[in-house]
Amino acid sequence: MNGPDADFIIIGSGPAGVSAAFPLIAAGRRVLMLDGGDDAGSQEESRSVRVLGSNLESLRTDDGSSPKLQTPAARGILEPFRRQSGITGDGFIPIGSLARGGLSNIWGAQISYLDAEDIANWPIDIASLQRSYEHVAKRIGISRNADVAIDADGEPVLPLGATAAHVLHRHQAVKPADGSFRLFPAVNAILSAARPGRAACDLRDDCLYGCPTGAIYNSRRDLLLLRKSPHFRLLDNMQAISLTHSSGWTVGTADGSSFSAPRIILAAGVLGTAALLADLLPFGEQGLRLLNSPTLAVPLLCPPRLLRSPTPTHSLAQLGLSLRYGSGASDYVTGAIYEVGTLPAQSFINRMPLGRKAGRAAFELIGSSLLVGTIYYPGDQSHSYIRRDETAGKRLTVRGGFADGFGLRDETLKKMLRREWKRLGLIQLPGASLAEPGIDAHFAGTLPMGAAGPFGTSSDGELNLHPGLYVVDGSILPDLSSKYVTMTIMANADRIAHRLAETEANSAL
Amino acid sequence: MAPRLIITGSTGYIGARLVAMARERGFDVVELGRRLGPAWRIGDEPAASDLEGAIGLVHLAHSWATPPEAAEEENVNISGTLKLAEAAKAAGVPRFVFASSTSSRREALNVYGRTKFRIEEHLAACKAAPIVRIARIGLVYGGPRTAMYGLMAKLAALSPILPMIGLSRKVQPIHLDEVAAGLLALATGENQPLKTFVLAPEKPISFAAWLRILRRGQGKGNLHFIPVPLTAALLACRMTKLLPLIPTVDPERVLGLAGAAPMESSESLRLLKLNLADPAPTLAGEFGQTHEEPSRREAQALLRYLGIAPTEIQLQRLCEGLRREGLSPLGLSPAMIRHPGLLALFEPPANRTRHRLAQALYLADLASEPERASGKKVGFFGAMLAISSDVLLFPLRVLLAGRYR
Ligand SMILES: Cc1cc2nc3c(=O)[nH]c(=O)nc-3n(C[C@H](O)[C@H](O)[C@H](O)COP(=O)(O)OP(=O)(O)OC[C@H]3O[C@@H](n4cnc5c(N)ncnc54)[C@H](O)[C@@H]3O)c2cc1C
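Parameters at a glance
- Residues numbered from 1 in each chain as written.
- Chains lettered and ligands numbered in written order.
- Predicted model: local features only at pLDDT ≥ 70, side-chain atom pairs only at ≥ 80, totals over all residues.
- Heavy atoms only, no water.
- Pairing = 2+ DSSP bridges.
- Helix = DSSP H or I, 4+ residues; strand = E, 2+ residues; numbered from the N terminus.
- Near = heavy atom within 4 Å.
- Polar contact = N/O pair within 3.5 Å; in protein donor to acceptor, adjacent residues only side chain to side chain.
- Areas by Shrake-Rupley, 256 points an atom, 1.4 Å probe, with all protein chains shown as cover.
- Nonpolar A, V, L, I, M, F, W, Y, C, P; charged D, E, K, R; others polar.
- Buried < 20%, exposed > 50% of the residue type's maximum accessible area, 1.4 Å probe, protein only.
- Contact = heavy atoms within 4.5 Å.
- Lys, Arg positive; Asp, Glu negative; His and termini not counted.
- Salt bridge = Lys/Arg side-chain N within 4 Å of Asp/Glu carboxyl O.
- Phe/Tyr/Trp six-rings, centres within 6.5 Å; stacked < 30°, edge-to-face > 60°.
- Disulfide = S-S within 2.5 Å.
- Expected span 1.5 Å × (residues − 1).

A.B. asks: Any chance you could explain the sheet that holds strand S22 (residues 443-444) of chain A here in plain terms?
C.D. replies: Either a parallel or an antiparallel arrangement is found when strands of a sheet pair, and the pairing is made through backbone hydrogen bonds. Residues and elements named next belong to chain A. Taken together, the five strands give an open sheet; going across it, the order is S3-S19-S18-S13-S22, and neighbouring strands pair in mixed fashion. Unpaired on one side and paired on the other, strand S3 (87-90) and S22 mark the two borders of the sheet. Where strand S18 (residues 384-388) lies against strand S19 (residues 396-399), four bridges are found, and the strand directions are antiparallel. Residue Ile386 lies in a different strand from S19, and its bridge partner there is Val398.

A.B. asks: Can you help me understand the site of the ligand in this one?
C.D. replies: Residues and elements named next belong to chain A. Around the ligand lies a shell of 36 residues, among which Asp35, Leu103, Gly108, Ala240 and Thr486 are the nearest. One of the backbone N or O atoms of Pro15 is found 3.2 Å from an oxygen atom in the ligand. Here Leu103 contributes a backbone N or O atom positioned 2.8 Å from an oxygen atom of the ligand. Isolated, the ligand exposes 1000 Å² of accessible area, and the fraction of that covered by the protein chains is 94%. For the shell around the ligand, the secondary-structure elements that each account for two or more residues are helix H1 (15-26), helix H3 (67-70) and helix H12 (486-508). Tallied by class, the residues present in the shell around the ligand amount to 19 nonpolar, 14 polar and three charged.

A.B. asks: Would you mind showing me how to read the environment of Ala88(B) here?
C.D. replies: Residues and elements named next belong to chain B. Position of Ala88 relative to the elements: it lies in helix H3 (residues 76-90). Taking relative accessible area as the criterion, Ala88 reaches 0% and is therefore assigned buried. Here the alpha-carbon distance between Ala88 and Pro46, two residues 42 residues apart in the chain, equals 8.8 Å. Among residues more than four places away in sequence, those in contact with Ala88 are Leu51, Leu57, Val93, Phe96 and Ile131.

A.B. asks: Please explain the side chain of Asp35(A) as it appears in this structure.
C.D. replies: Residues and elements named next belong to chain A. The residue Asp35 is located in the loop between strand S2 (31-34) and helix H2 (47-52) in this model. We note that Asp35 is buried and unpaired, the nearest opposite charge coming from Arg100 at a distance of 6.8 Å. In this structure the side chain of Asp35 is engaged in a polar contact, spanning 2.8 Å, whose partner is the backbone nitrogen of Gly37. Once you skip the residues sitting within four places of it in the chain, Asp35 turns out to touch Gly12, Ser13, Ala99, Arg100, Leu234, Leu235, Asp236, Asn237, Met238 and Gln239.

A.B. asks: Explanation requested: the packing of aromatic side chains in the structure shown.
C.D. replies: For any pair of aromatic rings, geometry is given as the distance between the ring centres together with the angle between the planes. Residue and element names in this part refer to chain A. Inspection of every chain in the model, using the stated rule, returns eleven aromatic pairs over all chains. Ring geometry for Tyr376 versus Tyr484: centroids 5.3 Å apart, planes at 65°, classification edge-to-face. Taken together, the residues Tyr376 in strand S17 (residues 370-376) and Tyr484 in the loop between strand S23 (469-471) and H12 connect sequence positions 108 residues apart. Pair check on accessibility: Tyr376 and Tyr484 agree, each one buried. Linked through ring pairs, Tyr325, Tyr377, Phe402 and Phe406 together constitute an aromatic cluster.

A.B. asks: Is there a simple way to think about the state of the cysteines in this case?
C.D. replies: Disulfide: a covalent bond formed between the sulfur atoms of two cysteine residues. All names here are of chain A. Under the definition given, this model contains zero disulfides over all chains. Residue Cys201 stays outside any disulfide, its sulfur separated by 5.7 Å from that of Cys207, the closest cysteine. For Cys201, a relative accessible area of 16% corresponds to the buried category.

A.B. asks: Please explain the environment of Met1(B) as it appears in this structure.
C.D. replies: With respect to the helices and strands, the residue Met1(B) is situated in the segment before strand S1 (4-8). Between the C-alpha atom of Met1(B) and that of Asp28(B), which follows or precedes it by 27 residues, the distance is 8.6 Å.

A.B. asks: How should the sheet that holds strand S5 (residues 157-158) of chain A be read in this particular structure?
C.D. replies: All names here are of chain A. A sheet is described by the order of its strands in space; here three strands give the open sequence S5-S4-S7, paired in mixed fashion. A single partner strand is all that each edge strand has here, and the edge strands are S5 and strand S7 (187-188). The pairing of strand S4 (residues 143-145) with S5 spans two bridges and is classified as parallel. By the bridge assignment for S5, Asn145 is matched with Leu158.

A.B. asks: In this structure, what is going on with helix H13 (residues 312-324) of chain B? I would like to understand it.
C.D. replies: In an α-helix, one turn spans 3.6 residues; hence positions three or four apart end up facing the same way. Residues and elements named next belong to chain B. The end-to-end C-alpha distance of H13, which contains 13 residues, comes to 18 Å, matching closely the 18 Å that a straight helix rising 1.5 Å per residue would cover. Turning to H13, its buried residues number three or more, namely Gln314, Leu315, Arg317, Leu318, Cys319, Gly321 and Leu322. Once H13 finishes, Gly326 follows within two positions and takes phi at roughly 70°, a positive value.

What follows is the structure in structure tokens.
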């Protein structure tokens, strides 16, 4: 047998995979990264192609999901996974990618940080996570939306949309009844100042169609940096389909190749990782628990902003919010507020009971005063399981649902939200909707750190009973708060990779 | 010297295509017909000099002038065919292909089917029998919209609701090119053991399904039927003769349809190496081509309706989008194309995503999107006008929206 292909094989080039790669390479480890997709095409295309798709993909009827998931860029990212992963949904929309850069090609770049209370049940301390948050933040570039020139921490800021600014001022002027509601300028992984290889945000407000300047973080850009290292190798179109252990680990791929290394790091995204482990895990009757965030969308009208034109800004989240709905540590929701005027008009016109001509006129009339709030519940409000269909071989089905008593909590929350909208001078329009489980794309908790038994992992993400097999994506987060999850996935992957680089270095001595 | 092929009825729907195909493949085609070189009409004694040296003869000519129930010796289709077959045999032509029909049956409801059956019987018993090949042809479609095919295409496109008989009757549609290829193979092929061949797809479909394919192929929406009893249909046929503007339907055709019953064709298709195409995409392609111009005008109207002065690139995008989504042509009336504002009377709400006009306008909106970011907006009064007229016209639109469904 030949020697190992690398010290580590990382499967997946999304945010988790690249975050694990950097510390290992810095420590001089040889890393081979396999990705099931390839370069999903250059983004330097004309606006026409980005809006319509090179194949006119977006000339199709609206399927009712979020505008983000309908853009031509998104189809290229999501469809290969849909076809090849063997994962289907039952009351659940399984969202995953098989493209270089994973879902960060289409994500919303909203950033949240967990605090000590959020990770009370994790087998790690907050200081180690915070160190990694800093590493990641420095690498990817994070800015705030504010209507002041420079924010308190000296981070560069982006201009806040005028309607969002209006709402934020109102929030500051009219204090909330209690401390349960917070509203603040959103924190996004968007560059407000250029850096090598990436330009600053040009406020062109069509972010949903992909960011041609590279201002929005996409782990595909990190791969360019990684590839400069002689210790790093990336192989595209290498969909891992099997993992076998003898003296080390061997990865078999869909095209029949195999690669081996003493240690494997799984970063295929929560669903991709579960599919890869299908043969190693005793799924059982109930299946594998999957945490996801039930998601609510609420259209809002800001009357004082009627008939004004939108101001130039990016079209991702403008404001962040959070609201407590219970007394438990995780009993809060997190959300974002988008300005509709900067989003593609069609997605809204398609939902109006008006003709298209009148619908567009209406959109132009009130678009700049329209906001959409998206609200995420914590993962304990979901009730989703990944099951293995024994009759169909390796195929997995995700069955989605909500936790017991969710309906009641949802009603309470909506009531509290209505109170806050009123305080902010916003009118909630009809059309609020709870999304089908899975649409949130915030998945976690299948193989929690610190749990015993075949579905648990060590605090370093090493899968119980399978030494040398590490998981660094959202699978190992023991619980899922309502906060945006990717920054934490990246920080945790960074933390684990530092630990692996250290212990490896020690054992090599 | 090019091999010689004789074709009667060469100016007809099938004949014209067969002649073209045979010439393309290098045959020296002699056309026998009323208006052609060797003037001949069915019933005439053909000149031996015209027949000699030919490798095959395809007999497609059929006279509709014979009184329906004429006695056999007076039915020129029967006597004329026999006369032609025997002359061919005498002149040493090795193959005589008779174009019959899948409606050929002793008990067929229509005269046409019964006549074809009697001709087949006579041919089997006559002196020419050894050189005779019978081709029972299914429902022919494709190519120029004439004959029975043209009539069906027109009917299917006429209205979303059709009174119709025999909807569950099975038909076997075969493309004109496939028929021509089959006939050519029969007239020129060396050793075909069967005497009677069936040129029709193996899997019959219902007549209703067929009309729907014809309607969809022309870029129109779904088709609904009101089943009609045969007697009423025959009466209606007589009425069509009296009414202006709508296609006239010969009761013969209706009877032919009512009496149709599928025939087994797999063995024939295998022998003739015919691999039949799926009619739906074939038709969509054919209709698409001929509708290029109208669909461009429609695209223009849709964009103008949305308040956009279309640029070349937007038009191109929209035409392509409409074609790909099977929405072209929509069948907008000429008045609508001239005055796109009239679309306001027919436009369904945008959230009716299954409605064809709603879909087309969605495409128009998307097709113009890339350039619109910087475009001028309607302004307050324009917008209020558009919205209030939309709301006021709502009941009317609900009534009329069906038109372009
Ligand atoms: C529309 C949308 C908006 C979002 N917005 C936000 C947001 O605002 N904030 C936020 O925090 N999060 C957001 N997310 C979620 C975020 O995208 C994910 O949390 C994040 O991408 C997860 O990173 P990952 O590396 O774990 O997995 P992924 O990004 O899914 O990457 C997985 C990688 O593994 C590869 N892969 C998968 N299977 C295999 C295999 N068998 N073999 C080889 N390679 C494989 C894939 O090609 C891919 O490169 C959003 C997601 C979506 C879809």
